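Below are the chains, spelled out letter by letter.
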Amino acid sequence: MADKSRIGLTAVDTVPLHEKVYLELVRALMSGQLQPGQKLTSRKLAKELGTSDMPVRSAFTRLQALRALSPMPNGSVEVPLISADRFAQLTAVRTILEGTATELATKRINGNNLRAIRRHCAELTEAARNGGIENYLRKNHDFKFGVYRHCGNEQMIFLIETVWMQVGPFLRNLHIGFEDDLAGILGIDYHEEVVAAIEARDGERARAAIVRDIEEGATHILGQVKFPELRH
């Protein structure tokens, strides 16, 4: 029998506007769409997002508390620069958190989720072969978090996201040395090995592959980029 209580209305989106703006900026930071040292103003971002200044300013405040943005004297904010030492420390934190998340996720990923991860894996490979660094970083974010979100620990995901907001803009430097052929980046990218380990339900091997991916990417960046001398 048809449900006569339904009259064909579309469900109302209950996510507050300030939360949507915040999540949009979080994703931009984590996926390397913003560059270190880039200045952001609430007015320009509000215009780009089609909102008023208020939700953008609210997002700025939250992101400053997480050290993802730095305040400027004129009221704007900046994507922070970090020292080589701090980048290395954040990388060490990443290997611990993301390695653990990957190992935990390997035990929980089922058939449907595995198909989604395989798709993200294929899209990441394709982006390296035929796309620019921005598309590659978006696909890299989608692949890795497509794995991590199955770890079963929301607090761990929050910590990983917090670290990625700080380190994400610096991942843009992965393209240095591969300007003529971004496909060369696959030599320091182990996402296919991660998927193979997940398919074999081998958590330790999956952890080792994601750790190697993180460490070799960071080593490449540290060898290519002149980091500023800054206090932590």
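Right above here is the structure, for reference.
Novice: Would you explain the pattern of salt bridges in this entry?
Specialist: When the charged atoms of two side chains with opposite charge come close together, those side chains can pair. A complete count under the given rule lists 13 salt bridges for this structure. Between Arg118 and Glu199 there is a salt bridge, with its nearest N and O atoms 2.7 Å apart. Of this pair, Arg118 sits in helix 5 (residues 111–130) while Glu199 sits in helix 8 (residues 191–199); the two residues are 81 residues apart in sequence, bridging distant segments of the chain. Overall, the relative accessible area of 38% leaves Arg118 in the partly exposed class. Judged by its relative accessible area of 41%, Glu199 is partly exposed.

Novice: Honestly, unusual backbone geometry in this entry has me stumped. Any pointers?
Specialist: A negative phi angle is the norm for most residues apart from glycine, just as the trans form is the norm for most peptide bonds. We note that Arg67 has phi near 65 degrees; this positive angle belongs to a residue other than glycine. The topology assignment puts Arg67 in the loop between helix 3 (53–65) and strand 2 (70–71). The class of Arg67 is partly exposed, set by a relative accessible area of 47%. A positive phi angle is found at Arg201, which is not glycine, with a value near 55 degrees. Along the chain, Arg201 turns up in the loop between helix 8 and helix 9 (203–224). A relative accessible area of 51% places Arg201 in the exposed class.

Novice: Could you clarify how one ought to interpret the side chain of Arg94 in this entry?
Specialist: Here Arg94 shows up in helix 4 (residues 84–106). Taking relative accessible area as the criterion, Arg94 reaches 6% and is therefore assigned buried. Among the polar contacts made by the side chain of Arg94, one reaches the side chain of Glu98 at a distance of 2.7 Å. Among all residues touching Arg94, those that are not within four sequence positions of it are Gly99, Lys144, Val163, Trp164, Val167, Leu171 and Ile214.

Novice: Would you mind going over the environment of His191 with me for this structure?
Specialist: Considering the arrangement of structural elements, one finds His191 in helix 8. As for His191 and Ala209, which are separated by 18 residues in sequence, their C-alpha atoms are 7.5 Å apart. Those residues in contact with His191, other than ones at most four positions away along the chain, are Cys121, Leu124, Thr125, Phe143, Leu186 and Asp213. Among the polar contacts listed, one links the side chain of His191 to the side chain of Thr125, at a separation of 2.7 Å.

Novice: Can you help me understand the sheet that holds strand 2 in this one?
Specialist: Two pairing modes exist for strands in a sheet, parallel and antiparallel, and in both the strands are linked by backbone hydrogen bonds. The strand order 1-3-2 describes an open sheet built from three strands, whose pairing is antiparallel. Both outer strands of the open sheet, strand 1 (39–40) and strand 2, are each paired with one neighbouring strand and no more. As paired strands, strand 2 and strand 3 (residues 77–78) are joined by two bridges and run antiparallel to one another. Across the sheet, residue Pro71 finds its bridge partner in strand 3, namely Val77.

Novice: Hey, could you run me through the packing of helix 2 (residues 42–49) against helix 3 in this one?
Specialist: Helix-helix packing is characterised by the crossing angle of the two axes and by the distance between the axes. Helix 3 packs onto helix 2 with a crossing angle of 120 degrees between their chain directions and a minimal axis gap of 8 Å. One finds that helix 2 runs oblique with respect to helix 3. The crossing of helix 2 and helix 3 is right-handed. The segment helix 2 lies against helix 3, with Ser42, Arg43, Leu45, Ala46 and Leu49 engaging Asp53, Val56, Arg57 and Phe60. Residues belonging to the contact of helix 2 with helix 3 are distributed by class as follows: five nonpolar, one polar and three charged.

Novice: I'm lost on helix 8 in this one. Help?
Specialist: Side chains of residues three or four places apart in an α-helix project in the same direction, reflecting 3.6 residues per turn. Three or more residues of helix 8 are buried, namely His191, Val194, Val195, Ala197 and Ile198. Along the long axis of helix 8, the arc covered by the buried residues comes to 160 degrees, so they all point the same way. Just past helix 8, the residue Arg201 takes up positive phi, approximately 55 degrees.

Rules used throughout
Throughout, a residue's number is its position along its own chain's written sequence, starting from 1. The model is predicted, so local features are restricted to residues of pLDDT at least 70 and side-chain atom pairs to those at 80 or more, both for listing and for counting; the totals for chains, interfaces and linings are taken over all residues. Values reported for side chains reflect all heavy atoms of the structure, with hydrogen atoms and water molecules removed beforehand. Salt-bridge detection follows one rule: a side-chain nitrogen of Lys or Arg within 4 Å of a carboxyl oxygen of Asp or Glu. Each helix corresponds to a stretch of at least 4 residues labelled H or I by DSSP, and each strand to a stretch of at least 2 residues labelled E; elements are numbered beginning at the N terminus. Exposure is judged per residue with a 1.4 Å probe applied to protein chains only, and the accessible area is read against the type maximum: over 50% gives exposed, under 20% gives buried, and values in between give partly exposed. In the analysis that follows, any N or O atom pair within 3.5 Å is treated as a polar contact, provided that within protein one partner can donate a hydrogen and the other can accept it, and provided that, for residues neighboring in sequence, both atoms belong to side chains. Contact criterion: two residues are considered in contact whenever any of their non-hydrogen atoms come within 4.5 Å of each other. Only when DSSP finds a minimum of two bridges between them are two strands counted as paired. Axis lines are fitted through C-alpha atoms, for helices just across the contact stretch, and the angle between N-to-C directions can take any value from 0 to 180 degrees. Throughout this description, any angle smaller than 35 degrees is read as roughly parallel, any larger than 145 degrees as roughly antiparallel, any in the 65 to 115 degree range as roughly perpendicular, and the remainder as oblique. Helix crossings are classified by the rotation of the near helix relative to the far one: an anticlockwise turn of less than a right angle makes the crossing left-handed, while a clockwise turn makes it right-handed. Following the grouping adopted for this structure description, the nonpolar residues are Ala, Val, Leu, Ile, Met, Phe, Trp, Tyr, Cys and Pro, the charged ones are Asp, Glu, Lys and Arg, and the polar ones are all others, Gly among them. Here the arc refers to the set of directions running from the helix axis out to each C-beta atom.

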